[in-house]
Number of protein chains: 2
Amino acid sequence: MTITITAFERSPDGGKGLARDTRVRWALEEVRQPYEVRLVSFRAMKEPAHLALHPFGQIPTYEEGDLALFETGAIVFHIAQRHAGLLPDDANARARAITWMFAAVNTVEQPILERETARLLEGDKPWNKERMPLVEDRVRSRLNQLSARLGDADWLDGAFSAGDLMMVSVLLRLKSSGILDEYPNLAAYLTRGETRPAYKRAFAAQLAVNKPSTG
Amino acid sequence: MTITITAFERSPDGGKGLARDTRVRWALEEVRQPYEVRLVSFRAMKEPAHLALHPFGQIPTYEEGDLALFETGAIVFHIAQRHAGLLPDDANARARAITWMFAAVNTVEQPILERETARLLEGDKPWNKERMPLVEDRVRSRLNQLSARLGDADWLDGAFSAGDLMMVSVLLRLKSSGILDEYPNLAAYLTRGETRPAYKRAFAAQLAVNKPSTG
């Protein structure tokens, strides 16, 4: 059955790979499953047809035969569960990899998204300059702990897993911030993720949609 | 094998059930699995023995024989996958229930946690009064969408699932805010969750640890 995902018609990041379809593309590339993409405009994302697929009016969604899913973490998990390559076979190792998926989106991404909200939605507010260091210190609290746990390992728990895919994707949001420079092992972890052939294919595919117009 | 979870020696909420061990207790009660609880002080949570179990120095954790997990969503998923009662048998319905678990912690909890951060960590800042309405409107944006999707259904997708358990738990954080009064169907959804016998047992168990001292 054909897999169809949705992505921004034009990503707000201009092709830096931060839109969440990149995470799903990456997972599909890791397990070598072909997929089709339906591009959605900002207007169409808030209309009934898309809201029926995604109640929060976002991308990506995932359709395969009778199955329709939304929420990136759930889509990546679904892909990882159905196809070999993203979750270990051993039951305990598999549960730990899934733990890192939830840790990425609920514990580590939380303060990182707060930072983005502060920049994008409160950048013009009188408190922004004084508040931002507090927000960034909350990001650092999490990164300190993540860095301590990763140590000098390549990946969070044994071989590369869907947990790493999600964690690297979350950390990519900080790439232009300079904050990761304070954590050489996390910066190296990010680079390991970005240099995986599957990530490169996923990045190139989203860039082909979003590359700045030369017109 | 004995299941052992960790919980606060003394919860910051004084027994309102908002500490995340309540979510895990609730899941274990739904599937009728006995469990033991090891209480952890704030100091011990940041020490090496606990950090080895939970890299972010939080509760709850989950231990069962050789398996050690952290991160509430992952623990609830593990329980739901191993025991009947929290996930549908049908593969597509199961994938959709898991979708709601991720939606609860990544999409709906995000602005709700931002609101808590604003109250707890920035309540004394000069910008707090002017900023809070912006933060609460971001909560409302999500609740508008969630309310529209739930409609007049009892649960998010068919029978009660781990997705509802997580979503109700996230919405409980707003119980004292008054915001849920604006969404009668979400308030009723919350009440349906709270009146489940398994939730009541979980709530009572955490309250027994945290009830205000009469000494």
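Residues numbered from 1 in each chain as written. Chains lettered and ligands numbered in written order. Predicted model: local features only at pLDDT ≥ 70, side-chain atom pairs only at ≥ 80, totals over all residues.

Draft legend 1. Structural detail: the packing of helix α7 (residues 162-172) of chain A against helix α8 (residues 184-194) of chain A. All names here are of chain A. Between α7 and α8, whose axes approach to 10 Å, the crossing angle comes to 115°. One way to sum up the angle between α7 and α8 is to call them roughly perpendicular. Crossing of α7 against α8: the hand is left-handed. For the pair formed by α7 and α8, the contact residues are Asp164, Val168, Leu171 and Leu172 on the first element and Leu186, Tyr189, Leu190 and Gly193 on the second. Partitioned by chemical class, the residues of the contact of α7 with α8 number six nonpolar, one polar and one charged. (Axes fitted to C-alpha atoms, helices over the stretch in contact; angles between N-to-C directions. Helix = DSSP H or I, 4+ residues; strand = E, 2+ residues; numbered from the N terminus. Parallel < 35°, antiparallel > 145°, perpendicular 65-115°, else oblique. Left-handed = near helix turned anticlockwise from the far one by under 90°. Contact = placed C-beta atoms within 7 Å. Nonpolar A, V, L, I, M, F, W, Y, C, P; charged D, E, K, R; others polar.)

Draft legend 2. Main features of the pairing of strand β3 (residues 61-64) of chain A. Residues and elements named next belong to chain A. As judged from the three bridges shared by strand β1 (residues 3-8) and β3, these two strands associate in the antiparallel manner. Counterpart to Ile5 in the pairing with β3 is Tyr62. Note that β3 and strand β4 (residues 67-70) share four bridges and pair antiparallel. Within β4, the position partnered with Glu64 by the bridge is Leu67. Linking two consecutive strands that pair antiparallel, namely β3 and β4, is a turn of two residues; a positive phi of about 60° is found at Gly65 within it. (Pairing = 2+ DSSP bridges.)

Draft legend 3. Quick look at unusual backbone geometry. Residue and element names in this part refer to chain A. Note that the residue after Ile59, namely Pro60, is joined by a cis bond; omega there is -5°. Positive phi values are uncommon outside glycine, yet Glu71 reaches one of about 75°. In this fold, Glu71 is placed in the loop between β4 and α4 (72-82).

Draft legend 4. Molecular detail of the interface of chain A and chain B. Contacts between chain A and chain B engage 32 residues on the former and 32 residues on the latter. Secondary structure elements with two or more residues in the side of chain A that touches chain B: β4, α4, α5 (91-121) and α6 (128-150) of chain A. The element best represented in the side of chain A that touches chain B is α5(A), accounting for 14 residues. Along the lines of polarity and charge, the residues of the side of chain A that touches chain B split into 15 nonpolar, nine polar and eight charged.

Draft legend 5. Layout of the sheet that holds β1(A). Residue and element names in this part refer to chain A. Overall, mixed pairing links the four strands, which are arranged β2-β1-β3-β4 in an open sheet. Edge positions in the sheet fall to β2 (36-40) and β4, since each has one partner strand and no second. Averaged over all pairs of adjacent strands, the angle between their axes in this sheet comes to 20°, without regard to strand direction. Summarising the sheet, β1 and β2 pair through five bridges and their orientation is parallel. Bridged to Ala7 within β2 is Leu39.

Draft legend 6. Structural view of the environment of Arg131(A). Looking at where Arg131(A) falls in the secondary structure, it is placed in helix α6. The class of Arg131(A) is partly exposed, set by 19 C-beta atoms lying within 10 Å. Counting along the chain gives 82 residues from Arg131(A) to Ala49(A), while the straight-line C-alpha distance between them is 39 Å. Sequence-distant contacts of Arg131(A), defined by excluding residues within four places in its chain, comprise Ala118(A) and Trp127(B). (Buried ≥ 20, exposed ≤ 12 C-beta atoms within 10 Å, placed from the backbone.)

Draft legend 7. Structural view of the relation of the copies chain A and chain B. After a rotation of 180° and a shift along the axis of 0.0 Å, chain A superposes on chain B with an RMSD of 0.0 Å. The operation mapping one copy onto its partner corresponds to a two-fold rotation axis. (Least-squares fit on C-alpha atoms with pLDDT ≥ 70 in both.)

Draft legend 8. Summary view of the nonpolar core. Ala162(A) and Ala162(B) are the most contacted members of the largest nonpolar core, which has 108 residues in total. Ignoring anything within four residues of it in the chain, the contact list for Ala162(B) reads Ala27(B), Val76(B), Phe77(B), Ala80(B), Leu86(B), Leu87(B), Ala97(B) and Met101(B). (Core = buried A, V, L, I, M, F, W, Y, C linked by C-beta atoms within 7 Å.)

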